[in-house]
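Each chain, written out:
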Amino acid sequence: MREIKELLVQKINELLDNGTVDRVAGWKAGEFCYDAAPAVFTKENIDELLYNGFCGANQSKFLVNAATTENRILALLKPCDTYSYNQLVKEHRVDPSRVYALGIPCTGMVDVNKIKALGITGITGIEEDGENLKIATIYGDASCKKCDVLLERCMVCKGKNHVAGDEMLIPDEEAPETPSCADRMAEVARLEAMTEEERFNFWREQLSKCIRCNACRNACPACTCRTCVFDNAKSGLAAKVNNTDFEENMFHIIRAFHVAGRCTDCGECSRVCPQNIPLHLLNRKFIKDINEFYGEFQAGADTTTKGPLTSFTKEDCEPSIVMERGE
Amino acid sequence: MQKIGVFVCWCGSNIAATVDVAAVVEALKKQPGVVYATDYQYMCSASGQNLIKDAIKEYGLTGVVVCSCSPRMHEATFRKTVQAAGLNPYMLEIANIREQCSWIHKDIKEGTEKAIILGAAAIAKVQLNAPLYSQTSPVVKRALVIGGGIAGIQTALDIADAGFEVDIVEKKPTIGGKMSQLDKTFPTLDCAACILTPKMVDAGAHEKINLYTYCEVEKVEGFVGNFSVTIKQKPRYIDATKCTGCGACVEKCPSKKTPNEFNMGLDNRTAIYIPFAQAVPKLAVIDKDACIHFKNGKCGLCVRTCEAGAINYDQTEEFITREYGAIVVATGFNQIKPTNFDEYLYNQSKDVVTSLEFERIMNAAGPTKGHLVRPSNGKQPKNIVFVQCVGSRGTSCRDKSYCSKICCMYTAKHAMLVKDHHPEIDVTVFYIDVRTPGKNFDEFYRRAVEQYGVHYIKGMVGKVEEADGTLKVQASDLLDNRQILMDADMVVLAAAIEPDPTARSIATMLTASMDTNDFFTEAHAKLRPVESPTAGIFLSGVCQGPKDIPETVAQASAAAAKVIGLLAKDHLLCNACVAHSDETLCNGCSQCANVCAYGAITYEDRLVMDKGVRETRRVAVVNEAICQGCGACTVTCPSGAMDLRGFANNQIMAEVDAICK
């Protein structure tokens, strides 16, 4: 990771210096080293750019508002970020001519909550050490198995290949791999196996934790409406949702429907949720159903294919089959 | 707030028997905005409509709710009524308290309660209605007929005779369809070719008819009055402009081992062939799979033989796109292959044939030149058994649930023809019922029994076995209550008919609905039998349900009349309930354009003022003349920018609110 960072800084300076871009969308440390958040840098503050195991945040969404100027902005895209990027380009939410997309390698991002859960606190730094992580803390060095503390998204990594990018920092074939260490659909299958009542109770319990902070919506690269229906008084939706005894139910379910067929399964919704609600499971259930009904589909794999829910082909399965399975 | 009048129809006893209409009137009177409510026996009658017109004037109504049958039935009627009284026709809402209420409830209390709820929902909706105005779209004055059998030919001839251009798309190399394979036709026993050939020739020669043979429909876009259809021309490997149909190439072709489709595979044809003598157009076609040249690049005998120089091995698929105002489906049928009816020995014995195969055996142009002989040994049979309802009227998964309708009559015909040529042959027919409704049909059947001495036995054949060169038929005689074991030299199976397998993909392309048997559904089973529910799509022949030739021809002409009625118009009034986009909410994401089946949505860069900021945005624009108001875009749009006039999101929400109150 250290070598990658060095290469990255070199490349960024080159692109800034030769005028290809005038800004960089990257990550910046917050109060703590693990609070890495998306930020826009210029030549002046590029030294503050961070790239380590805490840089899980998906950059692509921020390009919707950042990539609107004549001068191109440099987007640093991890392999999985490129799926969201493609999806945004497909939906005309990001103009690729205003972006210089640099594909950067990734070896898996960590979930700081999982590290903390191991009893490791006072974290000041992180470094890779083969299958393990070396974690510097104010109490001294600690270590843990990387697989145990990866972000959920990275445990089911989409692979090291970028599906978009004007340039690759290093060729994908030479990039390190994040070994997939979980079954992507296992949790969905577990929910499917529940009785209706168990499943209802599961989601009631999970969603009751929601504080409607809107972090999931704000981080989601598929949620880029200029005016969200929940913020649009004319839509009547917000008022209606507030009317029920359980508004969070409706908010998350409607959101899942709105991103169905477009969600790349980037997992930002769950990653940013301060209440640790496994929101990605709602989307993943849609993905599983879509794959089964209409054939394997990965949103954002390219910028041209019509989504399975917004196209009709003669090979589509009959609505009666969807109905039957939906029961 | 609107001033709303509510009109509750009894529909005789259709509604009034299960819905307390007076109670509905009383309850709906109390709904906000309602200034007048009444009930009447038949609201659709002239006096019922006058009641509405008078109330509009007397109470100054601005919105009208009619609680009656389905809007599919009388929405147009009542729109005209309110329009005649000076209201915009779209200020009317129908609450369906018949199909969705009285017909499905038995309990008056429940039915009344639901009728009140449905009425309240319509009232809540009409509160938000706004006057709507239709645009017009021009009609392309050309029709497409899919299928060139007798149905398609008759429809095309009638449309063309009215002065409109018609294209027939036929997937086979010639028009003619199933009728061209028939020997004689019931109930008059005239020869099928004698009556069909002139029609085929007429269709081929008509200046307004254009034949696309050996072609398939590849893609259909557009809507009533303005369809755009892509037709795939399969390569014949013959230059149609040069081929004279002389048949010299056919005689020389050394590849002679391909089962002849026209003769149901009972004999073989060459790789280059003309389907049959009366084919229209009379052009040769090369079967690429059988042709030696396409296998190893050698041969080329046909090229050397053809004096016209018409052979062209380099032909490839071509695609033609044309515009049409109306499309007629005439895709016809096939007889099922009774291969999974093991009890009849169809797979094992050559002497067990389907009725269409028998038709070819009897035909003078067939594989035996019209000599009735056993396929196994070429000798004349001494006795023939006909089995009715093979695969029809059944309940198992190998059966069709429906009656194939034509089998009773053609079996009587076959029996009679056999007896006519060879009175010494013993003919037995096993049947479940003999169905002969139709002009001169029962007389025809009785002639077979009484005049020709055909044995009709009520009961089904249970088993056919082969022994010592004859077939042993086991059956039951239900009237005599006895088991029968008899010898037969031939067994003829009246196998069920089913829609052509291409029908389903065509239905999908046309967005025309089908039933579970893959027959096309008509717009109304009784009142609109030749129209599909999809506007501009018409049905002709067996694609809609089993039919004999007289019925097919009658329906074909009926479909033509409907098409002529459509093409005679210069403009069609468009649907006023069309989508529109709020450009301040539009994300420009293209999802609505993706789902739009009509290509009605395009994108434009527009200067948009939103939240005090003026900027150029990519926004969706709906072409209202093309939009069909299906609403797919509105449910796809995540931001709610797309909305449908007459079915606006807030109207639907108001209806839901009224129902859930």
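Residues numbered from 1 in each chain as written. Chains lettered and ligands numbered in written order. Predicted model: local features only at pLDDT ≥ 70, side-chain atom pairs only at ≥ 80, totals over all residues. Heavy atoms only, no water.

Engineer: Tell me about the overall build of chain A, residues and numbers included.
Structural biologist: When its secondary structure is counted, chain A shows 14 helices and 9 strands. Against the 2.2 N^0.38 benchmark of 20 Å for 327 residues, chain A shows a C-alpha radius of gyration of 20 Å, consistent with a compact globule. Taken over the C-alpha atoms alone, chain A extends approximately 55 × 50 × 40 Å along its principal axes. For chain A, the proportion of its 327 residues judged to be buried stands at 50%. The contacts in chain A between residues at least 6 apart in sequence include a share of 68% that link residues at least 24 apart. When the 39 basic and 50 acidic side-chain charges of chain A are each reduced to a single mean position, those positions are 4 Å apart. (Helix = DSSP H or I, 4+ residues; strand = E, 2+ residues; numbered from the N terminus. Rg over C-alpha atoms; globule rule 2.2 N^0.38 Å. Buried < 20%, exposed > 50% of the residue type's maximum accessible area, 1.4 Å probe, protein only. Contact = heavy atoms within 4.5 Å. Lys, Arg positive; Asp, Glu negative; His and termini not counted. Charge placed at Lys NZ, Arg CZ, Asp CG, Glu CD.)

Engineer: Which residues make up the sheet that holds strand β4 (residues 92-96) of chain B, and what values go with them?
Structural biologist: Residue and element names in this part refer to chain B. Taken in spatial order, the 4 strands make up an open sheet running β2-β1-β3-β4, and their pairing is parallel. In this open sheet, the two edge strands, each paired with only one partner strand, are β2 (34-40) and β4. Geometrically, the sheet is characterised by an average inter-axis angle of 15° between neighbouring strands, direction not taken into account. Here strand β1 (residues 4-9) pairs with β2 via 6 bridges, running parallel. Counted as the bridge partner of Phe-7 is Thr-38 from β2. Sheet strands in contact with helix α2 (residues 21-29) are β1, β2 and β3 (63-68), and its direction is about 175° off that of β2. Each of β1, β2 and β3 is contacted by helix α3 (residues 46-59), which is oriented at about 165° to β2, the strand it contacts most. (Pairing = 2+ DSSP bridges. Axes fitted to C-alpha atoms, helices over the stretch in contact; angles between N-to-C directions.)

Engineer: If you had to explain the packing of helix α7 (residues 150-161) of chain B against helix α8 (residues 192-205) of chain B to someone new, which residues and values would you point to?
Structural biologist: All names here are of chain B. Relative to each other, α7 and α8 sit at 50°, their axes nearing to 10 Å. Looking at the two axes, α7 sits oblique to α8. Helix-helix and strand crossings are classified by hand; for α7 and α8 the assignment is left-handed. Side by side, α7 and α8 meet where Ile-150, Ile-153, Gln-154 and Leu-157 of the first sit next to Leu-196, Lys-199, Met-200, Asp-202 and Ala-203 of the second. (Parallel < 35°, antiparallel > 145°, perpendicular 65-115°, else oblique. Left-handed = near helix turned anticlockwise from the far one by under 90°.)

Engineer: Describe the packing of aromatic side chains, listing the residues and the values that go with them.
Structural biologist: Residues and elements named next belong to chain B. Throughout the structure, instances matching the rule amount to 18 aromatic pairs over all chains. Ring centres of Phe-262 and Phe-276 lie 4.4 Å apart, and the angle between their planes is 15°; this geometry places the pair in the stacked category. Here Phe-262, found in the loop between β13 (258-259) and β14 (268-269), pairs with Phe-276, found in the loop between β15 (272-273) and β16 (285-286); they are 14 residues apart in sequence, far enough to count as distant. Phe-276 shares its class with Phe-262; the two are buried. (Phe/Tyr/Trp six-rings, centres within 6.5 Å; stacked < 30°, edge-to-face > 60°.)

Engineer: Now, about the environment of Lys-184 of chain B: what can you tell me, with residues and values included?
Structural biologist: All names here are of chain B. Take Lys-184: it is sitting in strand β8 (residues 184-185). Taking the relative accessible area as the measure of exposure, Lys-184 reaches 25% and is therefore partly exposed. Along the sequence, Lys-184 and Pro-138 sit 46 residues apart, while their C-alpha atoms lie 45 Å from each other. Not counting chain neighbours up to four residues away, the residues in contact with Lys-184 comprise Leu-189, Asp-190, Cys-191, Ala-192, Glu-359, Lys-413 and Leu-417.

Engineer: Give me the lowdown on the state of the cysteines, citing residues and values where you can.
Structural biologist: Tallying each qualifying case throughout the model produces 1 disulfide over all chains. Here Cys-191 of chain B connects covalently by a disulfide to Cys-194 of chain B, the sulfurs 2.5 Å from one another. Given an S-S torsion of about 95°, the disulfide between Cys-191 of chain B and Cys-194 of chain B has right-handed geometry. Residue classification places Cys-194 of chain B among the exposed positions, given a relative accessible area of 54%. Cys-630 of chain B supplies the cysteine sulfur nearest to Cys-317 of chain A, a cysteine that is in no disulfide, at a spacing of 19 Å. Left without a disulfide partner, Cys-44 of chain B is nearest to the cysteine sulfur of Cys-9 of chain B, which lies 6.0 Å away. (Disulfide = S-S within 2.5 Å.)

Engineer: Any details on the sheet that holds strand β11 (residues 215-223) of chain B? Residues and values, ideally.
Structural biologist: Two orientations exist for strands paired in a sheet by backbone hydrogen bonds: parallel and antiparallel. Residue and element names in this part refer to chain B. The strand order β11-β12-β17 describes an open sheet built from 3 strands, whose pairing is antiparallel. Each edge of the open sheet carries a strand with a single partner, namely β11 and β17 (318-324). Sheet twist, expressed as the mean angle between neighbouring strand axes with direction ignored, is 20°.

Engineer: Residues and numbers for a nonpolar patch on the surface, please.
Structural biologist: A grouping of Phe-647, Ile-652 and Val-656 of chain B is seen on the molecular surface, where their side chains present a nonpolar patch of about 240 Å² in accessible area. Looking at where Phe-647 of chain B falls in the secondary structure, it is placed in the loop between β34 (642-644) and α19 (649-660). (Patch = residues over 30% accessible without salt bridge, like charges linked within 9 Å, V, L, I, M, F, W, Y side chains within 5 Å. Areas by Shrake-Rupley, 256 points an atom, 1.4 Å probe, with all protein chains shown as cover. Salt bridge = Lys/Arg side-chain N within 4 Å of Asp/Glu carboxyl O.)

Engineer: Which residues make up the interface of chain A and chain B, and what values do they have?
Structural biologist: Contact with chain A, which involves 22 residues of that partner, is made by 25 residues of chain B. Both sides of the chain A and chain B interface together cover about 1900 Å² of buried area, and 54% of this is carbon and sulfur. Looking at the side of chain A facing chain B, the largest losses of area belong to Arg-226, Thr-310 and Lys-314 of chain A, adding up to 32% of the total buried there. In this assembly, chain A and chain B are joined by 2 salt bridges. Between Glu-615 of chain B and Arg-226 of chain A there is a salt bridge whose closest N-O contact spans 3.9 Å. Inspection of the chain A/chain B interface yields 7 residue pairs in polar contact (both at pLDDT 80 or more). In terms of residue class, the side of chain A that touches chain B is built from 5 nonpolar, 7 polar and 10 charged. (Buried area = accessible area lost by both parts, 1.4 Å probe. Polar contact = N/O pair within 3.5 Å; in protein donor to acceptor, adjacent residues only side chain to side chain. Nonpolar A, V, L, I, M, F, W, Y, C, P; charged D, E, K, R; others polar.)

Engineer: Mind laying out empty space enclosed by the protein, listing which residues take part and the relevant values?
Structural biologist: Unfilled space is identified by rolling a water-sized probe across the atoms. Residue and element names in this part refer to chain A. Within this structure, the stated rule accounts for 10 cavities of 30 Å³ or more. What the largest cavity holds in volume is close to 160 Å³. Along its surface, the largest cavity is lined by 18 residues, and Cys-220, Pro-221, Ala-222, Thr-264 and Cys-266 are the ones closest to its centre. No other element matches the 3 residues that helix α3 (residues 79-90) contributes to the lining of the largest cavity. Classifying every residue of the lining of the largest cavity by side-chain character gives 7 nonpolar, 6 polar and 5 charged. No fewer than three residues from each of domain 1 (2-109 + 160-174) and domain 2 (186-326) sit in the lining of the largest cavity. (1 Å grid on protein atoms, 1.4 Å probe; cavity = no way out; pocket = protein on both sides within 12 Å on 5 of 7 lines; lining within 4 Å. Points joined across faces, edges and corners; volume = space filled by probe spheres on them. Domains from an automatic or database assignment.)

Engineer: An account of the pattern of salt bridges is requested, with residue identities and associated values reported.
Structural biologist: Residues and elements named next belong to chain B. On inspection of all chains with the given rule, the structure shows 61 salt bridges over all chains. In this structure, the salt-bridge partner of Arg-322 is Asp-167, at a minimum N-O distance of 3.0 Å. Residue Arg-322 is found in strand β17, and its partner Asp-167 is found in strand β7 (residues 165-170); the two are separated by 155 residues along the sequence. Given a relative accessible area of 0%, Asp-167 falls into the buried group. A salt bridge links Arg-645 to Glu-624, with the nearest nitrogen and oxygen atoms 2.8 Å apart. Linking Arg-645 in the loop between β34 and α19 with Glu-624 in the loop between β33 (613-622) and α18 (632-636), this pair joins segments that are 21 residues apart in sequence. Classification of Arg-645 as partly exposed rests on a relative accessible area of 27%. Judged by relative accessible area, which is 22%, Glu-624 ranks as partly exposed.

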